[in-house]
Amino acid sequence: MTTRSTSVDQSVAASVAASVSVSASVTSAEAPLRQARNSAALWTATGRSRGHEVIRRRGFVAVDGDERAGLRILIQEPDLDPDELAELSDLVRRAKGPANAEDPFGATDLGHLGMRNWQMPIMLRGPGPVAEPALDVFRVQRPEDLRAAELIVIEGFELAGFEPYRPGELFPPALIEQPGVDVFVASCDGVPAGAGVTVVDDGVGSHYWVGTSSAFRSRGVGRAVMLGSLAPLTDLPVTLTASKLGRPLYESLGYTVAAPSTWWASAPVAPSR
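Residues numbered from 1 in each chain as written. Predicted model: local features only at pLDDT ≥ 70, side-chain atom pairs only at ≥ 80, totals over all residues. Heavy atoms only, no water.

## Notes on the overall build of the protein
Condition: Helix numbers and strand numbers start at the N terminus; a helix is a DSSP run of H or I with at least 4 residues, a strand a run of E with at least 2. Should any heavy atoms of two residues lie within 4.5 Å, those residues are considered in contact. Using a 1.4 Å probe, the Shrake-Rupley method yields the accessible areas, and only the shown protein chains count as cover for residues.
Of regular secondary structure, the protein possesses 6 helices and 11 strands. Restricting to contacts in the protein with at least 6 residues of sequence separation, those with at least 24 account for 70%. About 12,000 Å² of surface is accessible on the protein, with carbon and sulfur atoms providing 53% of the total.

Shown next as structure tokens:
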């Protein structure tokens, strides 16, 4: 079952209601642009909560972090002009840590920067009801629950750059105060077992950082996180970028592939210890 207080329901519902006015549907052709905008909203909120510089241009948004967080680039248009590409390239060359770029349009070539690339599908789910999760799922409000979510995500995504662990570095307390951003935790037998982040921006929801603790894998935790965090978003179209392992779960929840997204990454930088 899902546990949420009335105040939590009202808070999430108000955030969603404020965004519903834009559109109740998104086409597959529109999904790359809506994913681009939503990812930019997530990383802008993350950058601000970490105290990192956020750079906004017509064709991209960049969050310039420290040697552990690195540089995150979110391509916003399929037609970067020469000046934008030159500035983006300079940011990658000067990055203090690892550089990662998301291009939902698959149109910007960053190979000249020595970055490797791969593709993952953007998936789209229309508005509609979801089943109740089999586990307890709640929206994070307490610092200790945010720390639990942070640890699950660091482990689940093997974020070696955030080790040794520094509380509040990946998910600062200010993150859950950012408009439209919510963190969810699924618990199994009273123990935090899975986590995920949702962002509502301009009438579209999206999921990020959906992960499961290794101690609870193959027990339906990922499905519970998705169902519990989708419950406040049933009136909205929802997008996500799927890994190979996650795609079957998302398809079972009503997501369909809309378009390929190209991701770029620099060579890993060893974390400071």
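## Section: the pattern of salt bridges
Which entries qualify depends on this criterion: Throughout this description, the term salt bridge denotes a Lys or Arg side-chain nitrogen within 4 Å of a carboxyl oxygen of Asp or Glu. Under the scheme applied here, a residue whose accessible area is under 20% of the maximum for its type counts as buried, over 50% as exposed, and between as partly exposed, the area being computed with a 1.4 Å probe on protein chains only.
Applying the stated criterion across every chain yields a total of 16 salt bridges. Between D90 and R94 there is a salt bridge whose closest N-O contact spans 2.8 Å. Of this pair, D90 and R94 both sit in helix α3 (residues 82-94), 4 residues apart, roughly one helical turn. Residue class for D90 comes out partly exposed when judged on its relative accessible area of 34%. Where salt bridges share partners, they join R58, D79 and E84 into one cluster.

## Details of α3
Stated formally: Take the number of residues in a helix, subtract one, and multiply by 1.5 Å to get its expected span. By the criterion applied in these results, polar contacts are pairs of N or O atoms within 3.5 Å in which, for protein atoms, one can donate a hydrogen and the other can accept it, and in which residues neighboring in sequence qualify only through two side-chain atoms.
Here α3 contains 13 residues, and its C-alpha end-to-end distance of 18 Å stays within 8% of the 18 Å for a straight helix at 1.5 Å per residue. Along its buried surface, α3 packs onto β1 (53-56), β2 (60-64), β3 (71-75) and β4 (99-103). Structurally, the start of α3 carries an N-cap: the backbone nitrogen of D83 is 3.0 Å from a side-chain oxygen of D81.

## Some points on the nonpolar core
To keep things clear, this is the line we draw: Joining through side-chain atoms within 4.5 Å is the link that ties buried Ala, Val, Leu, Ile, Met, Phe, Trp, Tyr and Cys residues into a set, and such a set is a nonpolar core.
Counting residues in hydrophobic clusters, the biggest one holds 28 residues, and the most contacted among them are F171, V197 and W209. When contributions to this core are tallied by element, the ones reaching two or more residues are α2 (31-50), β2, α4 (143-156), β7 (181-188), β8 (191-201) and β9 (204-212). It is α4 that provides the largest number of residues to this core, a total of 5 residues. The contact partners of V197, leaving out residues within four places of it in the chain, are L42, F171, V181, D182, V183, S206, H207, Y208 and W209.

## Some remarks on the pairing of strand β5 (residues 116-125)
Our working rule: Any two strands with at least two DSSP bridges between them are considered paired.
Taken together, the 9 bridges between β5 and strand β11 (residues 256-265) define a ladder with antiparallel strand orientation. Bridge pairing links L124 to T256 in β11. As paired strands, β5 and strand β10 (residues 238-241) are joined by 4 bridges and run antiparallel to one another. Across the sheet, L124 pairs through a bridge with T239, a residue of β10.

## Brief notes about the sheet that holds β3
Within a sheet, neighbouring strands are paired by backbone hydrogen bonds and run either parallel or antiparallel to one another. Going by this rule: For helices, the fitted axis covers only the stretch in contact; all axes are lines through C-alpha atoms, and the angles between them, taken along N-to-C directions, range from 0 to 180 degrees.
Spatially, the 11 strands line up as an open sheet ordered β1-β2-β3-β4-β11-β5-β10-β9-β8-β7-β6, and their pairing is mixed. On the outer flanks of this sheet lie β1 and β6 (136-139), each paired with one strand and no other. Going across the sheet, the axis of each strand differs from the next one's by a mean of 20°, ignoring polarity. When β1 meets β2, the two strands line up antiparallel, connected through 4 bridges. Looking across to β2, one finds that I55 is bridged to A62.

## Remarks on the environment of I154
Among the structural elements, I154 can be located in helix α4. Judged by relative accessible area, which is 6%, I154 ranks as buried. Setting aside its immediate chain neighbours within four residues, I154 contacts L159, F162, E163, Y165 and L170.

## Describing helix α5 (residues 221-230)
Where burial is concerned, most of α5 is hidden: 9 out of the 10 residues are buried. What α5 keeps buried is the set V221, G222, A224, V225, M226, L227, G228, S229 and L230.

## Considering the pairing of β7
Counting buried positions along β7 yields 8 of 8 residues, so the element is predominantly enclosed. Pairing of β6 with β7 involves 4 bridges; the strand directions are antiparallel. Residue pairing in the sheet places V137 in a bridge with A186 of β7. The loop that links β7 with its antiparallel partner β8 comprises 2 residues; one of these, D189, has a positive phi angle of about 55°.

## Details of the environment of L85
By the element assignment, L85 lies in helix α3. Using a relative accessible area of 29% as the deciding quantity, one classes L85 as partly exposed. Here the alpha-carbon distance between L85 and T108, two residues 23 residues apart in the chain, equals 8.6 Å. With sequence-adjacent residues up to four places away left out, L85 is seen in contact with L80, T108, L110 and H112.

## Description of the packing of aromatic side chains
Condition: Stacked, tilted and edge-to-face pairs are distinguished by plane angle, under 30 degrees for stacked and over 60 for edge-to-face with tilted covering the rest, among Phe, Tyr and Trp rings (Trp via its six-membered ring) whose centres lie within 6.5 Å.
Summed over all chains, the structure comprises 4 aromatic pairs. Judged by centre distance (6.4 Å) and plane angle (65°), the rings of W43 and W209 are edge-to-face. Taken as a pair, W43 in helix α2 and W209 in strand β9 lie far apart in primary sequence, 166 residues in all. Across this residue pair, the class does not change: W43 and W209 are buried. Between W118 and W263, the aromatic rings sit 6.5 Å apart at their centres with planes inclined by 35°, giving tilted as the arrangement. Taken together, the positions of W118 in strand β5 and W263 in strand β11 put the pair 145 residues apart, joining distant regions of the chain. Among the aromatic residues, those joined into a ring-pair cluster are W43, F157 and W209.

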